[in-house]
Structure formats: C-alpha cells, structure tokens
Amino acid sequence: MPEFVPASRVTRIKSSPSVAAAARVRELKAEGRRILDLTVGEPDFDTPQHIKDAAIAAIGRGETKYTSVTGTPELQKAILETLQRKTGQQYAPGEITIGGGGKQVIFTAFMATLDAGDEVVIPAPYWVSYPDMVLANEGTPVIVSCGGDTGFKLTPEVLAGALTERTKWVILNTPSNPTGAVYSREELADLAAVLKDHPAVYVLTDEIYDEIHFGDGPITSLVAVAPELKNRVLVTNGVSKAYAMTGWRLGYAGGPAPLVAAINKLQSQMSSCPSSVSQAAAAAALTGDQDFVRESVEVYRERRDAAVSGLNAVEGLQCATPEGAFYAYVNCAGVIGKTTPDGREITNDEDFTLYLLEAASVAVIQGSAYGMSPYFRISYATGLPVIEESIAAIEKAVTALA
Ligand SMILES: Cc1ncc(COP(=O)(O)O)c(C=O)c1O
C-alpha cells in the first residue's frame, strides 16, 4: 500500500485535546478503572422532552428531506427572533447562517474569509479549537495573553497592541470556555472604541454559553453595546449547551450579508444543510418553554459554588469564581516543583493532570491546551457527588506531594 500523505492543512493542526481527553477517559473506564471525569464539555442533562417531541413530530410529518442552506422557515424565524432578543438588533434572513454545531459555523466563517497570512487575534486562555481552525484555513493565530489579573479578559490596550494591517478577525468568547469569564457592558464598550479605529477588522463573538451565566440579567453581546459594529460582527451561537443538545449538531450565526453569503456558499457545497430533524428540534428549543434553561443554571450555580470553594481550600490551588459556562480554570502554580510519592517532579500543568489521573483517578485538562499555564480546567457539568468526591481526591493527592 502506498504511504498515505495527508494534506498540509491536516499536518498543520492537532486533534482537539478535549476530544482526546474524553477518549482517554473512555479507555480507562473500559479497562475497568473508575474515573472521576471532570473533562466533560457538554451538559449532563438529557435534552428536554418537548424538544425531542418536536423532532419526532417532524419525522412524522415527513420533514426528512434537504432544506434550504439557511434552514426551514420555522428555524429561520426562530433564529431571527433569538438574535434580536440577544443583541437588540434586527437581522434579515440574508444575515443568518446555520451549520452542524457552532463549531462548524466558526470553521466555515474562517474558511470563507482567511487567505494565507491573514491574522486572527485569539485571547488566551482560549477554546482549544480556535487556533487549529485558523491554521487549517491558512490563517495565522495571534495569541494574546489575558491573565487572571484582568479576569482572563482582553483589555483595550492588549487589543490595540495586537492589531496589524493583516488582522482579519478578533475572537471574543463570552462566557468563556475555559475560564467562565463574562465581558461586562463597559468592557465591551471599551473594546468597541478600539475596534472603531480599525474598520477592516471583523469580530467573531462566540456566545455559545450565553444562557449559562450566574449574574443578574442576560449577558451582553458586543452588537448590543456597539450597534455601529454590526456590519462586521459575526455572532455565533447554537443549541448545544443551553438546551443539552450537543449531539443534535445545530449551530447558527448572524452577521453582515456579504460575509454570510460567502459562508452559505461554502455550506451549500459542504453539507447542503444540517439535519432537517435537528432543525425542527432547534426551532422548538429556541421558541419553546425556557424553564429547562433557568433550572439547569441553578443546578450549575450550586455545583460551581461547591467546586470553587472546595478547590480554593486545597493548598497550592487557586480558582476565581466563574460568571458563566460550566468550567473553572484553576491555577496550580503552588504545586509546580513538588515531587510525587514515587519521586517524580511536577514540572508543569500536564505533569500535574497526569498525576491527578494516576493518583486520584480524577480527569481534568491541562492549561497548556488552552494557551495558559500553569492551570487546569475542570468542568462542573457533572453531578455534585462526583464534584465533591473529586475535590476530596484532589486534596488527598496534593497533600501527598512533597
Ligand atoms: C467556546 C465554544 N464555542 C463553540 C463550541 C461549539 O459547540 P457546538 O459545535 O456543539 O455548537 C464549543 C463546544 O465545546 C465551545 O466550547
């Protein structure tokens, strides 16, 4: 058999570390090990019944065929109304796109806009996929460090310093994966003031976690604060996280018509449209009863509080209180340089997460995967008993370090 040589776009990127972590946990479990899994990037709840019923009804009605690239009329209407509610701005049918998850929408947006050497400003810590999606599409990720001192958020100064003639996009993710940071109205206004002086720069605001937040009132979208930027902001979202629908694969975005037309042209050649059945489910999710969202946020809040106070009580670990999503980003500088009971030195966050897996059977993801060390990410999209047991096991393992 001839040697298989993948395209350079494949060799330029790596597989998603969170997908790899999930695979490793599955392997260990298959070997019979009981693993306390805090790597999970999806709600542990089932999709609400009324959403499943809408999908079943759609199948019953024979809605099992291709739809238009931008979806069924019902889904389009639901997305337009949702975008108006979230941004305060009116979007037209030619200003929305849909895809197989927010992930595919973001990937296609880069594919539709990046030429070799175009730069994308990515605040770190970042969602693991952004840099590789940029690289796969020949762009250049420009990683800017946004540490705990600024709440893991991009500041106007750092943004201004990162913009160049080649900047095509700036990514803002609020609430953030992996930190749970949420940009306030004022912070967004300050960033918008910088962006106003750079009219060629587009902004991708990834708001996939916007319904999962612990403050008063809805989270603020950049477009709501700076409507004058609407013609160069792509607001991306989806039903995965808010409605426990990760497997349905339905994401959407709103943005300026020429950009959206370019994305839809690619979509027409890549997938024609996402699953018609998932579209019916997503329309029901966006327009139906929102009690599930409210109730799940209260469950996440209780888990967040338990996780944060438990982790902060462990000497050597430190964790800010996340304002949204279902992750906490834990500083582990206090354990770096220590030695495990079998004599190995913990030199970085990857060593530490491996040690936690071996010694405590707790799976978390190292900060290096998100572009900022020494940290690790925990997900609290898992039951309170697992969180409590994990923290006790982490504490025991940290105490055993010398
Ligand atoms: C920050 C962020 N954006 C986008 C996505 C994509 O979600 P989906 O493709 O399920 O809509 C994820 C999923 O983990 C995420 O964490």
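Predicted model only: the values in this text are computed from it and were never measured.

Draft legend 1. Structural context of the domain arrangement of the protein. With domains assigned, the protein is organised as domain 1 (8–46 + 292–399) and domain 2 (65–287). The distance between the C-alpha centroids of domain 1 and domain 2 comes to 26 Å. Domain 1 puts 33 residues into the contact, and the matching count from domain 2 is 33 residues. Carbon and sulfur atoms make up 61% of the surface buried where domain 1 meets domain 2, a total of about 2,800 Å² over both sides. Looking at the side of domain 1 facing domain 2, the largest losses of area belong to E323, Y370 and M372, adding up to 20% of the total buried there. Linking domain 1 with domain 2 are 1 salt bridge. Notably, a salt bridge pairs D132 with K14, separated by 2.7 Å at the nearest N-O pair.

Draft legend 2. Region of interest: the state of the cysteines. A complete count under the given rule lists 0 disulfides for this structure. Considering cysteine sulfurs only, C319 is the nearest to C332, which forms no disulfide, with 11 Å between them. The exposure class of C332 is buried, given its relative accessible area of 0%.

Draft legend 3. Region of interest: the packing of aromatic side chains. Summed over the entire model, instances satisfying the criterion amount to 14 aromatic pairs. Consider the rings of W127 and Y130, whose centres lie 5.3 Å apart with planes at 85 degrees: the pair is edge-to-face. Neither residue differs from the other here; W127 and Y130 are each classed as buried. Here F152 and Y375 contribute two aromatic rings whose centre-to-centre distance is 5.6 Å and whose plane-to-plane angle is 75 degrees, an arrangement assigned as edge-to-face. Here F152, found in the loop between strand 4 (140–145) and helix 7 (156–162), pairs with Y375, found in strand 13 (residues 375–379); they are 223 residues apart in sequence, far enough to count as distant. Summarising the burial analysis for this pair, F152 and Y375 share the class buried.

Draft legend 4. Geometry of the side chain of N137. Here N137 lies in the loop between helix 6 (129–136) and strand 4. Exposure remark for N137: the relative accessible area of 8% places this residue in the buried category. Other than its neighbours up to four places away in sequence, N137 contacts F107, F110, M111 and L114.

Draft legend 5. Molecular detail of the environment of A280. In this structure, A280 sits in helix 11 (residues 276–287). We classify A280 as buried; its relative accessible area is 13%. Setting aside anything within four residues of it in sequence, one finds A280 in contact with A54, A58 and E63.

Draft legend 6. Just the pattern of salt bridges, in detail. A full pass over the atoms with the stated rule returns 20 salt bridges. Here K52 and D46 are joined by a salt bridge, their closest N and O atoms 2.7 Å apart. The exposed category is assigned to D46, whose relative accessible area is 51%. For K153, the salt bridge is made with E187, and the minimal N-O distance between the two is 2.9 Å. Remark: E187 occurs in helix 8 (residues 185–196) and K153 occurs in the loop between strand 4 and helix 7; sequence separation between them is 34 residues. The class for K153 is buried, based on a relative accessible area of 9%. The exposure class assigned to E187 is partly exposed, which follows from its relative accessible area of 28%.

Conventions we followed
- The numbers attached to residues start from 1 for each chain and follow its sequence in the written order.
- This being a predicted model, a pLDDT of at least 70 is required before a residue's local features are given, and a value of 80 or more before pairs of side-chain atoms are given or counted; all residues contribute to the totals for chains, interfaces and linings.
- Heavy atoms throughout the structure, all of them, feed into the side-chain values; hydrogens and water do not.
- Throughout the structure description, domain borders are defined by an automatic or database domain assignment.
- Pairs of residues are marked as contacts when any of their non-hydrogen atoms sit within 4.5 Å.
- Note on definitions: buried area is the accessible-area loss of two parts on being combined, 1.4 Å probe, summed for both.
- Salt bridges are defined by distance alone: a side-chain nitrogen of Lys or Arg within 4 Å of a carboxyl oxygen of Asp or Glu.
- The disulfide definition used here is simple: a pair of cysteine sulfur atoms within 2.5 Å.
- Note on exposure labels: buried denotes an accessible area under 20% of the residue type's maximum, exposed denotes more than 50%, and partly exposed covers the range between, all computed with a 1.4 Å probe on protein chains only.
- In this analysis, rings of Phe, Tyr and Trp, with Trp reduced to its six-membered ring, are considered paired at centre separations within 6.5 Å, and the interplanar angle assigns stacked below 30 degrees, edge-to-face beyond 60, and tilted for intermediate values.
- Secondary structure elements are defined from DSSP: runs of H or I of at least 4 residues count as helices, runs of E of at least 2 residues count as strands, and each element is numbered from the N terminus.

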